[in-house]
Structures are given as C-alpha cells and as structure tokens.
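# Commentary on secondary and tertiary structure
Residue-level listing of the chains:
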Amino acid sequence: MEGTLSRSGAGGAGTGDRRGGLSVRAGGSALSLLATPFSTRILLALAEGPRPSERLREAVGSPPAPTMRSHLQALTRRGLLRRSERGDAKGTVTYDLAGSGQDLLQVGEALAAWLAAGPAGPLELGSEVAAAAIRALVEAWAVNLVRIVASQPCSVDELAKLIQELDRAALQRRLATLLQLGLLEETAFEDHSSPRHAPTAWLRRSVGPLAAGASWERRHLPTATTPIDRYDVETAFLLTVPLLHLRAERSGRCRLAVELPDGAGEATPVGVLVDVSEGEVARCATRLAGAAQAWVAGSPRAWLLAVIEGDLSGLQLAGEEDLATDIVWAIHAELFDSPPPG
C-alpha cells in the first residue's frame, strides 16, 4: 500500500479535545470516554433503564461512595447522564442515560465487537485490559503513528524521525505496548536490517469503532472535538482497503473520495485510488489523480453512514457502479460484520 509520509506535526490533529498534552484525532474522544472501566460499567448498567443511585451502585460492584459520586458527577457534567431527585423523605436520586449517553453505548457496541476479536483472546468492554487497548489505540492515532505504519512498515529509527511528539524512549515504550497488545507486528526483511512495525488485522479493523466514535462526536460534540481531516480519511482507507475481498469477476481502478469542507464553502476531495484484480486489492495509494473506471464521492457524514450502517444513498457513484458499490459494501461488511446485499 502506498501513502505520503510526512512529519506528524505537519498534519496537525486539529484544535479539539486534548488529553495528556496530545490533540485527540477524530473518534478518539468518544473512545476515551469508554476507556474508563468504572464509567463504562455505569453506562452499561443504565442501558436497561433508570436506576436509583443505591441500586446503580450495587449494579457496578458497590464501590466506595466517594468514587461512585465522582464518576456520576463527571458523566452528568459531560451530558451523558440525567440526574433526577424525588421530593420525598428519603431524597431518592435517580440516574438515567441522556440521549448522548444512549448513542455512546452504540459506539460501545462497535468497540465491544472489536475488542471481542482481540488476537490474544476476547477482551470485555469495561475491563482494565480492554481499557489499556483502547488507550493505546487512541494515543497511537493521536501522534499519527497509525497513519505512518498504515502507509508502509517502519523501523524504530524511521518512526523516530517522523513523530515529533514523542522522544525515542517514549516511542519505544509505545511500540512495546502496541506489540504486546497485538495492534502491531514486527516484519523481518531478508537484508537483516532492523525489524519494521506493521499494522495487524486487528489494528486495521479498529477503523470500525473509530468511525462510530467520529460519528458520535460530530452529532453530540461538534465544537469540542476534532473534526475529520485528510489524515483520518487516508489512514482509514489505507488500513481497511487491504482487508477487502470482492467477487472474483471484479477488476479495475476505483477512486474513493471524501469531500472535506475547507472553511470557505468549498469541498476538497481526499482519499485513495484502489486497484482491484480479480476480486483482490492489488494497490491502494493516497493519490486521487489518474484515470479510474469507477468513482465514489461524498461528505464525511455520507461516508460514515455508508461505512457504519451500509446506507450508500448519500454517496455519489459513477463509472462502473458495480465495482464502486462492491468496494463500499465490502468496507462496511469488513468493519461491521454485515453480509453484502443480494
């Protein structure tokens, strides 16, 4: 797969949410909310309906009252929970999910499905090890480490030159964690040079929960989170497209373009060119120039609907539409485990 490498600082991660001094890329803020095990257990406990505070505390394991109170206050302040107080002698306080909290649980479903396919065995959403995997993914996404290895396998030396936010020791710690979790794998070369780091199939499929998270952010926190940019788009395609397998009779080149607003009322297309030979992906490059037999274009929202829900109605298809349709459906099916139509 081909992509254009640059120093990660040149891409910029936007001006939205920041955690640990790093700007969080699109989708990362939503996933970070689900990377706190105790808060996640509270959200899951309220999925079936409102609960009085004491029953809710019992449902999540009866933690110390100050711990419970702190998490409830944080979730309520973020607008994920609603708090109501009954005016009786007992002063009963009840919590239930606000609309954004209910929608965040849908992101949780995509995240739980991804965690269940962990290479070392299923991880349970709300557990400490699942939280570690989510945090590692969000941090690697934030510093464009995922973008770089999606373009081509890289050695530690190459990554150190391209990532400005981390010193070498911090980078090596991150890489060790990603390797241990099964998000990266080492690729050896015949010339006995330093091992290269490449994305595993599990990291490639993380585009599913990241897309779900980005959709939630655009709907509920559009001004407080980072909008989707060209690096997000290119990385998502570079990760996902190599996983695709189409019908054997499909061959040709297809342009996949996301039309990003430029702030001046215009849209700039960014994406990839995909070469398919007898149903298999032969090449995926982040260059849109060049002849193509099929085209797919649409806004970020239209692409999110297509990828997450399989709703292609907002996309514009041209040329060999069967090839274009099959590629988009294959992305949806690969990330959200849905069979193609027909």
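Residues numbered from 1 in each chain as written. Predicted model: local features only at pLDDT ≥ 70, side-chain atom pairs only at ≥ 80, totals over all residues. Heavy atoms only, no water.

Assigned secondary structure in the chain consists of 15 helices and twelve strands. Split into buried and exposed, the 342 residues of the chain put 51% on the buried side. Intrachain contacts of the chain at a sequence separation of at least 6 include 62% that bridge at least 24 residues. Of the roughly 15800 Å² of accessible surface on the chain, 50% is carried by carbon and sulfur atoms. (Helix = DSSP H or I, 4+ residues; strand = E, 2+ residues; numbered from the N terminus. Buried < 20%, exposed > 50% of the residue type's maximum accessible area, 1.4 Å probe, protein only. Contact = heavy atoms within 4.5 Å. Areas by Shrake-Rupley, 256 points an atom, 1.4 Å probe, with all protein chains shown as cover.)

The first and last C-alpha atoms of helix H5 (residues 65-77) sit 18 Å apart over 13 residues, in line with the 18 Å expected at 1.5 Å per residue. Those residues of H5 not exposed but buried are Met68, His71, Leu72 and Leu75. Mapping the buried residues of H5 onto a view down its axis gives an arc of 100°, with all of them on the same face. Seen from the open side of H5, the exposed residues pointing more than 90 degrees away from its buried face are Pro66 and Arg77. The inward-facing, buried residues of H5 abut helix H3 (37-45), helix H4 (53-59), strand E4 (81-85) and strand E5 (93-97). Once H5 finishes, Gly79 follows within two positions and takes phi at roughly 85°, a positive value. (Expected span 1.5 Å × (residues − 1). Arc of directions from axis to C-beta.)

Attention now goes to the confidence of the model for the chain. Looking at the chain, the pLDDT average stands at 89 and 89% of residues meet or exceed 70. A low-confidence stretch, residues 4-16 stays under pLDDT 50, and its non-local contacts, those more than four residues away or across chains, total 34 contacts. (pLDDT = per-residue confidence, 0-100.)

Time to look at the sheet that holds E4. As summarised here, the arrangement of the three strands in space is E3-E5-E4, forming an open sheet in which the pairing is antiparallel. A strand with exactly one partner marks an edge of an open sheet, and here the two such strands are strand E3 (51-52) and E4. Bridging between E3 and E5 involves two bridges; their strand directions are antiparallel. Residue Arg51 lies in a different strand from E5, and its bridge partner there is Tyr95. (Pairing = 2+ DSSP bridges.)

Right, let's talk about empty space enclosed by the protein for a bit. Overall, the coordinates contain three cavities of 30 Å³ or more when judged by the stated rule. In this structure, the largest cavity is lined by 19 residues; those nearest its centre are Val207, Ala211, Asp232, Ala236 and Leu304. Ranked by residue count, the leading element in the lining of the largest cavity is helix H13 (residues 230-240), at five residues. (1 Å grid on protein atoms, 1.4 Å probe; cavity = no way out; pocket = protein on both sides within 12 Å on 5 of 7 lines; lining within 4 Å. Points joined across faces, edges and corners; volume = space filled by probe spheres on them.)

Mapped onto the elements of the fold, Gly314 is located in the loop between helix H14 (300-309) and strand E12 (316-319). For Gly314, a relative accessible area of 44% corresponds to the partly exposed category. For the pair formed by Gly314 and Ala297, sequence separation is 17 residues and the distance between their alpha carbons is 9.1 Å.

Attention now goes to the nonpolar core. Membership of the largest hydrophobic core comes to 98 residues, with the highest contact counts inside it found for Ile42, Leu115, Leu145 and Leu256. Filtering out sequence-adjacent residues up to four positions away, Ile42 remains in contact with Leu56, Val60, Met68, His71, Leu72, Leu75 and Leu81. (Core = buried A, V, L, I, M, F, W, Y, C linked by side-chain atoms within 4.5 Å.)

What follows is about the pattern of salt bridges. Here the structure, examined in full by the defined rule, presents 16 salt bridges. Where Glu234 meets Arg147, a salt bridge forms, and the shortest distance between an N and an O atom there is 2.8 Å. With Glu234 in helix H13 and Arg147 in helix H8 (residues 145-151), this residue pair connects regions lying 87 residues apart in the sequence. The exposure class assigned to Glu234 is buried, which follows from its relative accessible area of 3%. Across the pair Arg196 and Glu158 runs a salt bridge whose closest N-O atoms are separated by 3.7 Å. Residue Arg196 is located in strand E7 (residues 196-199), and its partner Glu158 is located in helix H9 (residues 156-162); the two are separated by 38 residues in the primary sequence. You can call Arg196 buried: its relative accessible area is 17%. Judged by relative accessible area, Glu158 falls into the partly exposed class, the value being 28%. (Salt bridge = Lys/Arg side-chain N within 4 Å of Asp/Glu carboxyl O.)

With that settled, consider the packing of helix H7 (residues 128-142) against helix H10 (residues 168-181). The geometry of a pair of packed helices is captured by two quantities: the angle between their axes and the separation between those axes. Taken N-terminus to C-terminus, the directions of H7 and H10 make an angle of 130°; their axes are 10 Å apart at the nearest point. Relative to H10, H7 is oriented oblique. Every pair of crossing elements has a handedness; the one defined by H7 and H10 is left-handed. Residue-level inspection shows Ala132, Ala133, Ala136, Glu139 and Ala140 of H7 in contact with H10, the latter providing Arg174, Thr177, Leu178 and Leu181. Partitioned by chemical class, the residues of the contact of H7 with H10 number six nonpolar, one polar and two charged. (Axes fitted to C-alpha atoms, helices over the stretch in contact; angles between N-to-C directions. Parallel < 35°, antiparallel > 145°, perpendicular 65-115°, else oblique. Left-handed = near helix turned anticlockwise from the far one by under 90°. Nonpolar A, V, L, I, M, F, W, Y, C, P; charged D, E, K, R; others polar.)

Okay, the sheet that holds strand E9 (residues 267-277) next. Strand pairing within a sheet occurs via backbone hydrogen bonds; the two strands may be parallel or antiparallel. Across the sheet, five strands lie side by side as E10-E9-E8-E11-E12; this open sheet has mixed pairing. Each of the sheet's edge strands pairs with one partner strand only, and the pair in question is strand E10 (280-285) and E12. For this sheet, the mean inter-axis angle between neighbouring strands, taken without regard to orientation, is 20°. Relative to E12, strand E11 (residues 294-298) is paired through four bridges, and the arrangement is antiparallel. Following the sheet pairing, Trp295 is matched in E12 by Ala318. Across the sheet, helix H15 (residues 321-336) lies against strand E8 (252-261), E9, E11 and E12, angled at about 65° from E8, the strand it touches most.

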